[in-house]
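Chains, contacts and geometry: an overview
The lines below spell out each chain.
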Amino acid sequence: MKMVKSLAVIGLTCFASIANAADSLTVYSYRQAFLIEPILENFTKETGIKVDVVFSKKGIAERMMREGRLSKADIVLTSDFYRLMELVEKDLVVPASSDILKQNIPEKYRSPDDEWYALTMRVRNVYSSKDRLGKLDINYEDLADPKYKGKICTRSGKHPYNVSLVASMIAHHGEQETKTWLEGWKANLARKPQGNDRAQVKAVSEGLCDLAIGNSYYLGKMLQDPKQKAWADAIEINFPNQDNRGSHINVSGMALAKHSKNQAAAIELMEYLSGDKAQQVYAEVNFEYPVKADVSPSKLVASWGTFKADDLPIYKLAEYHGAAIKLLDEVKFDL
Amino acid sequence: MVLGLAKGWSVAGYTLALLIIMPLIALISQSLMPDEAVFPHLFDTVLPTYISNSLWLIFWVVIGSLIIAIPAAWLVAKCQFPGRSVFQWALLLPLAMPAYVVAYVYTDLFDYAGPVQRSLRSFFGWQTPQDYYFPEVRSLGGASIMLALVLFPYIYLLARTAFMEQSTSLSQATRVMGCGPWKSFWRLSLPMARPALAVGAALVAMETAADFATVSYFAVPTLTTAVYDTWFEYGSLTAAAKLSTIMLLVIFAMVGFERFARRKQKLFQKPSAPGELDVYSLSGIKALAATGYCSALLTLAFLLPFIILVKYAYGYFAQSWNQEFFEYSFNSLWISVLVSLICVAIGILLMFIRRISPRRADVLPSRLASTGYALPGTVLAIGILVPFTHLDFAINDLVEYFGFEGPGLILTGSSFIIVCAFCIRFAAIAIGSIENSYKRISPSLDMAGITMGLKPVGLLRRVHIPLLRKGVFAGLLLVFIECMKELPAALLLRPIGFENLATYVFQFVSDEQLEHGALAAIVIVLVGLIPLIYLNRSLEHDN
């Protein structure tokens, strides 16, 4: 009997320790861990809530679907708007209502139903070779212009950043026209799509191509790395479509996981991430544009100049995402 | 061997085998589910390219490996030339090198921006890529070369053994009849080694089909990368399972071929009588060519990439020598050790049942259990997640039914799932190694043991295991190396937040910054080297 009792005590203590863990949060992050860790450390210092962040490049939504109600996730961080939509579509998140969040994040950058919030913005820029092309007044549509034949580099068309761009083209021009545009762009490629955005800048600096497409913050990061600074110095950053609809904007963002066991603390963390301090760190460390209106971008980013952003509400892009992937397959963009 | 085994043994054997083939069953049943039009779309657009890429890649890697490996194996087995004793084992070293690391290093060298093309440009005054032609490294051809460079040792090893085992008297006969080394190679050695070559080729083909990292880095989409992308881009597990099933068909065709080849092997190979080795002494230009060939091969497949890795690691040592590095090394290590122990235990149990039981049905479990190796990591991952997720939920429901708080995802959310996947994938290696050892134990020993009143457990413990030592140890080491290198299964199954050396290195490779992961890559290589060298030693002693 004594044995049974002591076993029961041990068992209960174990379960109690699991229950006590409610004072900690688990963040599933598509964003690299190093970027958010300093911010989360500050949050823990201020609130006493411990945060575990787990990083994965792909498949977080699939994992959460599988984990179902047993999932440990409290908050999901993504580096692309479509990942946010995907979470909503697969019914993996719940609305997070908070006045602070609404105050901090402009309407344009959050879901109408509070299901997700953007944290930072980035522009899908066109980089051009300083020596060979100089600063350009260019539109995304020009990527298909035959005059750039054999001169453009890009990463895989299927990468979320490019898929979002294609989706925005469909939103503005329709599927048929976008397909023609994609075919033209593919025909202009200097090499098969490969590498990441950084690799494209490198390719331009080495003369393999004259134009490349890439997110704004990569440039900032490369300028910081002594080894890569030379590559970054060889290119100009151009904001596309300034004379018409504006540049394509993508956002990173966050959402509250459906099965979060500790929603109050999770919302507290979300509010913290949308606040001045965290937004500033994002801007300084990762060279992104803060979504909170009164936080300014880093000096370096500011030096690239101001730009006009596409007005299309980003959640609209979700409607065209599936079509975008199918078009990319149809024109065999990556093959 | 006749010894009445209790039913329990058979049950254990079958349970084990069923556990091992469970992912396969789950995968096939998943692939039969209806699917949201993703698969037909893939079929209409990119799938034909994926399939043809896979087949061409396998074809070229096998051809490439054969061309590289056969001459090396024959030279080392049959000829005397300077450096032979070193090449004998050193040519196995590339096995310790993950293919994607070699791929990265060569891309850095031969890319447009790399030193080779840069010096060509400055020498000839070329300005743009349009001014000259240079083969693209990141292509199907490039991937074939990279894979052939690290996979050829499989063929080399088997071919070398086959050449060495060819009866000396036959070779002497050909010499008497006036055949020189060349003629003897073409007319005698090569035809006789054909079954061994087929086995090696099938191994290379299976490894190629399983490769995920190299082709994904080279942007050459194959069925393996397609499985991964379909799962995550389209979010369709069913379509991914359908693709996996196609892949399995391809692989089972190869396994069938290998089995077929091995069946004949027994007829061909007879152990050579002990005595002086049949060796052609090469001299002059021939010796030079032999040494040159082997050293070039060793340099390209191992030394050069390794030196460049060391250079990277040296340059970025301060950043790489950190807590993460130790944590991930430890993860790799304990998983590899644990998995190799489990696999060997599985091997011993299944082979023991098979040896000792007169029932025909007891042969089946070890056969079934060997199919795991044919499942590429990506495919295996899908197959294993499906049933274990169900099991996880069942456990939680049960615990909650009794009024406690459920334990959460104790199977799929922990490293248990990786250990399990690795065991399923690599059990075949341990089984094979122990099977070979068993063949050398005379059945009369079993009879003697039984006569002296040993029960099955006693026989296993006191007679078999001491005699199986070598096979057990070889099995442990082989499984260990594979576990250190295995990437796709770890990439897909690692519990969130868990990394090992392979996933850590690959993360840097896909970010185009291997410099930061070079130290970790070196650990993978070095840890793999020690078992390789030991294994080679024990093989030599056998011969």
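Residues numbered from 1 in each chain as written. Chains lettered and ligands numbered in written order. Predicted model: local features only at pLDDT ≥ 70, side-chain atom pairs only at ≥ 80, totals over all residues. Heavy atoms only, no water.

1. Focus on the interface of chain A and chain B
Every contact between the two is made by 40 residues of chain A and, on the other side, 50 residues of chain B. Summed over both partners, the interface of chain A with chain B buries about 4,100 Å², with 52% contributed by carbon and sulfur atoms. Looking only at chain A, the three residues that lose the most surface to chain B are Lys58, Arg66 and Leu70 of chain A, adding up to 15% of its buried area. Taken together, chain A and chain B are joined by three salt bridges. Residue glutamate 400 of chain B is joined to arginine 69 of chain A by a salt bridge in which the shortest nitrogen-to-oxygen separation is 3.3 Å. Our enumeration of links across chain A and chain B arrives at seven residue pairs in polar contact (both at pLDDT 80 or more). If you list the elements that add at least two residues to the side of chain A that touches chain B, you get α1 (2-20), α3 (60-67), α4 (81-89), α8 (197-205) and α14 (314-330) of chain A. (Contact = heavy atoms within 4.5 Å. Buried area = accessible area lost by both parts, 1.4 Å probe. Salt bridge = Lys/Arg side-chain N within 4 Å of Asp/Glu carboxyl O. Polar contact = N/O pair within 3.5 Å; in protein donor to acceptor, adjacent residues only side chain to side chain. Helix = DSSP H or I, 4+ residues; strand = E, 2+ residues; numbered from the N terminus.)

2. Some points on the nonpolar core
Residues Trp181 and Trp185 of chain A together with Phe81 and Tyr100 of chain B are the most contacted members of the largest nonpolar core, which totals 209 residues. Per element, the largest residue contribution to this core is 16 residues, and it comes from helix α18 (residues 416-439) of chain B. When near neighbours in sequence (up to four residues on either side) are disregarded, tyrosine 100 of chain B contacts Ala213, Thr214, Leu487, Ala502, Val505, Phe506, Val509 and Ile524 of chain B. Core analysis: the second largest hydrophobic core is formed by 82 residues, Val53, Tyr82 and Ala203 of chain A together with Tyr132 of chain B among them. (Core = buried A, V, L, I, M, F, W, Y, C linked by side-chain atoms within 4.5 Å. Buried < 20%, exposed > 50% of the residue type's maximum accessible area, 1.4 Å probe, protein only.)

3. Remarks on the UniProt feature "binding site: Fe cation" (unreviewed entry) in chain A
Residues and elements named next belong to chain A. The sites that carry the UniProt feature "binding site: Fe cation" (unreviewed entry) are, in the present numbering, Tyr217 and Tyr218. Apart from residues lying up to four places away in sequence, tyrosine 217 is in contact with Arg122, Tyr161, Asn286, Phe287 and Glu288. A distance of 2.7 Å separates the side chain of tyrosine 217 from the side chain of tyrosine 161, its partner in a polar contact. As for its placement among the helices and strands, tyrosine 218 is situated in helix α9 (residues 216-224). Tyrosine 218 gets classed as buried once you look at its relative accessible area, which sits at 10%. Here tyrosine 218 is in contact with Tyr127, Arg155, Tyr161, Asp197 and Arg198, once residues within four sequence places are set aside. (UniProt positions renumbered as here; feature names shortened; annotations may be inferred.)

4. Brief notes about unusual backbone geometry
All names here are of chain A. With a phi close to 55°, phenylalanine 287 is a non-glycine residue in the positive phi region. For phenylalanine 287, the location among the structural elements is in the loop between α12 (276-286) and β10 (289-290). Residues other than glycine seldom take positive phi values, yet lysine 332 does so here, at roughly 50°. By the secondary structure assignment, lysine 332 is in the segment after α14.

5. So, the packing of helix α11 (residues 223-232) of chain B against helix α17 (residues 377-401) of chain B
All names here are of chain B. The geometry of α11 relative to α17 is characterised by a closest axis approach of 9 Å and an angle of 40° between their N-to-C directions. In terms of axis orientation, α11 runs oblique to α17. Residue-level inspection shows Thr224, Val227, Tyr228 and Trp231 of α11 in contact with α17, the latter providing Thr378, Ala381, Ile382 and Leu385. Considering only residue class, the contact of α11 with α17 consists of six nonpolar, two polar and no charged. (Axes fitted to C-alpha atoms, helices over the stretch in contact; angles between N-to-C directions. Parallel < 35°, antiparallel > 145°, perpendicular 65-115°, else oblique. Nonpolar A, V, L, I, M, F, W, Y, C, P; charged D, E, K, R; others polar.)

6. Concerning the state of the cysteines
The full count for this structure, using the stated rule, is one disulfide over all chains. Note on cysteine connectivity: cysteine 153 of chain A is disulfide-linked to cysteine 209 of chain A, with sulfurs 2.0 Å apart. Torsion about the S-S bond of the cysteine 153 of chain A and cysteine 209 of chain A cystine: about -110°, corresponding to left-handed handedness. Remark: cysteine 209 of chain A occurs in the loop between α8 and β7 (211-215) and cysteine 153 of chain A occurs in strand β6 (residues 152-153); sequence separation between them is 56 residues. Both residues of the pair, cysteine 153 of chain A and cysteine 209 of chain A, belong to the buried class. For the unlinked cysteine cysteine 343 of chain B, the closest cysteine sulfur is that of cysteine 423 of chain B, found at 4.5 Å. Note on cysteine 343 of chain B: relative accessible area 0%, which makes it buried. Summary of cysteine pairing: cysteine 420 of chain B is not part of a disulfide, and the nearest cysteine sulfur, belonging to cysteine 423 of chain B, is at 6.6 Å. (Disulfide = S-S within 2.5 Å.)

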